[in-house]
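As a plain string of letters, each chain reads:
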Amino acid sequence: MSSTTRPAQRHLGTAGPVTSALGLGCMGMSDLYGPADEAESIATIHAALDAGITLLDTGDFYGMGHNELLIHEALRGRDREAVRISVKFGAQRGPDGQWLGYDASPAATKTALAYTLRRLRTDHVDIYRPARLDPKIPVEETVGAIADLVKAGYVRHIGLSEVSADTLRRAAAVHPISDLQIEYSLLSRSIEATVLPAARELGIGITAYGVLSRGLLSGHWDQDRALTGTDFRSHSPRFQGENLAHNLALVEALRAIATAKGASVAQVAIAWVASRGQDVVPLVGARRRKRLTEALGSLDVTLTEADLAAVEAAVPAGSAAGDRYAAAQMAHLDSEH
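The rules behind each value
Residues numbered from 1 in each chain as written. Predicted model: local features only at pLDDT ≥ 70, side-chain atom pairs only at ≥ 80, totals over all residues. Heavy atoms only, no water. Helix = DSSP H or I, 4+ residues; strand = E, 2+ residues; numbered from the N terminus. Buried < 20%, exposed > 50% of the residue type's maximum accessible area, 1.4 Å probe, protein only. Polar contact = N/O pair within 3.5 Å; in protein donor to acceptor, adjacent residues only side chain to side chain. Contact = heavy atoms within 4.5 Å. Salt bridge = Lys/Arg side-chain N within 4 Å of Asp/Glu carboxyl O. Core = buried A, V, L, I, M, F, W, Y, C linked by side-chain atoms within 4.5 Å. Axes fitted to C-alpha atoms, helices over the stretch in contact; angles between N-to-C directions. Nonpolar A, V, L, I, M, F, W, Y, C, P; charged D, E, K, R; others polar. Pairing = 2+ DSSP bridges. Right-handed = clockwise from strand over helix to strand, strands pointing away. Phe/Tyr/Trp six-rings, centres within 6.5 Å; stacked < 30°, edge-to-face > 60°.

Quick word on the side chain of Lys88
Logical step 1: The topology assignment puts Lys88 in strand β5 (residues 84–89).
Logical step 2: On the basis of relative accessible area, Lys88 is assigned to the buried category, the value being 3%.
Logical step 3: At 2.9 Å, the side chain of Lys88 forms a polar contact with the side chain of Gln181.
Logical step 4: Apart from the residues lying within four places of it in its own chain, the contact partners of Lys88 are Asp57, Thr58, Gly59, Asp60, Phe61, Tyr62, Arg129, Ala131, Ser161 and Gln181.

This is the structure in structure tokens:
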């Protein structure tokens, strides 16, 4: 991206805020992708803000609060009103990091926000969303609890994450929903069948995570890369054996298109997600300034109709080998997406 280029802006649904056309997902700076350098993480957030990125995405369970503390440190001395902080809550974890389930009950919702506000050292969260659908609590109750927080001024907008079209409709009947955060990439396109049409029908934006399929579409992955036991990908079906070999072959087909465009594989993959509509904001999970710079370069990539057809041919819908999560994690996902 040239030094004068700034990310264009997009509106997160009819009820949501205006944000930069790219958002920065901060999870990997604290959790799930192996060791991270805290100083480099803060420098990456600073570089993102300086480049015009205004949307920072986190979860209160990323590093059990570490990610929110990291964002607070990175925002020290910055204009808080110039940044949109999106926070997920509800995932329960033990002191050893193990996943214990979900709690999106009204009391847990309000308690979680109280701790989030203290860690972020802010008086409000711009978008607050349950990380998953809590099977024990009707979504109407969770959204109603966040609506109370909106009325009190602690939350500006309500979002959802990884839910079905039916859940979207039920939630939107209680309170306007700004956006749905959900995985969307060339290798994960299941939302196109029912979820994306429902979101557009309801005026709900999409913040797309996993746009590089957790590194598979980065163009920097190889078959022999070693992963630590704390790295989510060491258990992900798409990164195992023959599945990985198949998926990396798709990446090589995409690389030929990228090379012809004078772009990287990652830039084309991000640009493809951005091309899905003005209501879609890709979240890039860069943990280092070098990767952030590459991701920002996607803003300079324009995919023509011919380019899009070539991408579809290289990586057809449904061509990925392996589920995006292990079976135990898939069981926690809402149906129909």
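As for the pattern of salt bridges
Logical step 1: Taken as a whole, this structure holds 18 salt bridges when the rule is applied.
Logical step 2: For Glu68, the salt bridge identified is with Arg119, shortest N-O distance 2.5 Å. Of the two residues, Glu68 is situated in helix α2 (residues 66–75) and Arg119 in helix α3 (residues 106–120); the sequence distance between them amounts to 51 residues.
Logical step 3: By relative accessible area, which is 0% here, Glu68 ends up buried.
Logical step 4: The salt bridge partner of Asp179 is Arg129, with a shortest N-O separation of 2.8 Å. Taken together, the positions of Asp179 in strand β10 (residues 179–183) and Arg129 in strand β8 (residues 125–130) put the pair 50 residues apart, joining distant regions of the chain. As far as the burial class goes, Asp179 and Arg129 line up, both buried.

Side note on the nonpolar core
Logical step 1: Of all hydrophobic cores here, the largest spans 81 residues; its most connected members are Leu24, Ile45, Tyr128, Leu160, Leu180 and Leu254.
Logical step 2: Membership of the second largest hydrophobic core comes to eight residues, among which are Phe61, Tyr62, Tyr102 and Ala131.

Some remarks on the packing of α2 against α3
Logical step 1: Closest axis-to-axis distance for the α2/α3 pair is 8 Å, and the angle between their directions is 35°. Counted together, Glu68, Leu69, Ile71 and His72 of α2 and Thr116, Arg119 and Leu120 of α3 form the full contact between these two elements.
Logical step 2: Class assignment for the residues of the contact of α2 with α3 results in three nonpolar, two polar and two charged.

Focus: the pairing of strand β9 (residues 155–161)
Logical step 1: Counted residue by residue, β9 has six buried out of seven residues, so it is predominantly covered.
Logical step 2: When β8 meets β9, the two strands line up parallel, connected through three bridges. Paired with Val125 across the bridge in β9 is Val155.
Logical step 3: Crossover handedness for the path β9 to helix α5 (residues 165–172) to β10: right-handed.

What to know about α2
Logical step 1: Counting buried positions along α2 yields seven of ten residues, so the element is predominantly enclosed.
Logical step 2: Turning to α2, its buried residues number three or more, namely Asn67, Glu68, Leu70, Ile71, His72, Ala74 and Leu75.
Logical step 3: If you follow the buried residues of α2, they end up packed against α1 (38–50), β4 (55–59), β5 and α3.
Logical step 4: Gly77 sits one or two positions beyond α2 and adopts a positive phi of about 85°.

Some thoughts on the sheet that holds β5
The strands making up a sheet are joined through hydrogen bonds of the backbone, oriented either antiparallel or parallel.
Logical step 1: The parallel closed barrel is built from eight strands, whose spatial order is β3-β4-β5-β8-β9-β10-β11-β12. Each adjacent strand pair in this sheet contributes to an overall mean axis angle of 30°, direction not counted.
Logical step 2: The sheet contact formed by β9 and β10 spans three bridges and is parallel. The residue of β10 that forms the bridge with Leu160 is Leu180.
Logical step 3: Against the sheet, helix α8 (residues 265–274) touches β11 (205–209) and β12 (280–284), its axis set at about 150° to β12.

Notes on the packing of aromatic side chains
Logical step 1: Under the counting rule described, the total for this entry stands at four aromatic pairs.
Logical step 2: With 5.0 Å between their ring centres and 75° between their planes, Phe61 and Tyr62 make a pair best called edge-to-face. In this structure, Phe61 and Tyr62 share a single accessibility class: buried.
Logical step 3: Each ring, one from Phe61 and one from Trp99, has its centre 5.9 Å from the other, and the planes form 75°; the classification is edge-to-face. With Phe61 in the loop between β4 and α2 and Trp99 in strand β7 (residues 99–102), the pair connects residues that are 38 residues apart, well separated along the chain.
Logical step 4: Judged by relative accessible area, Phe61 falls into the buried class, the value being 8%.
Logical step 5: Overall, the relative accessible area of 40% leaves Trp99 in the partly exposed class.

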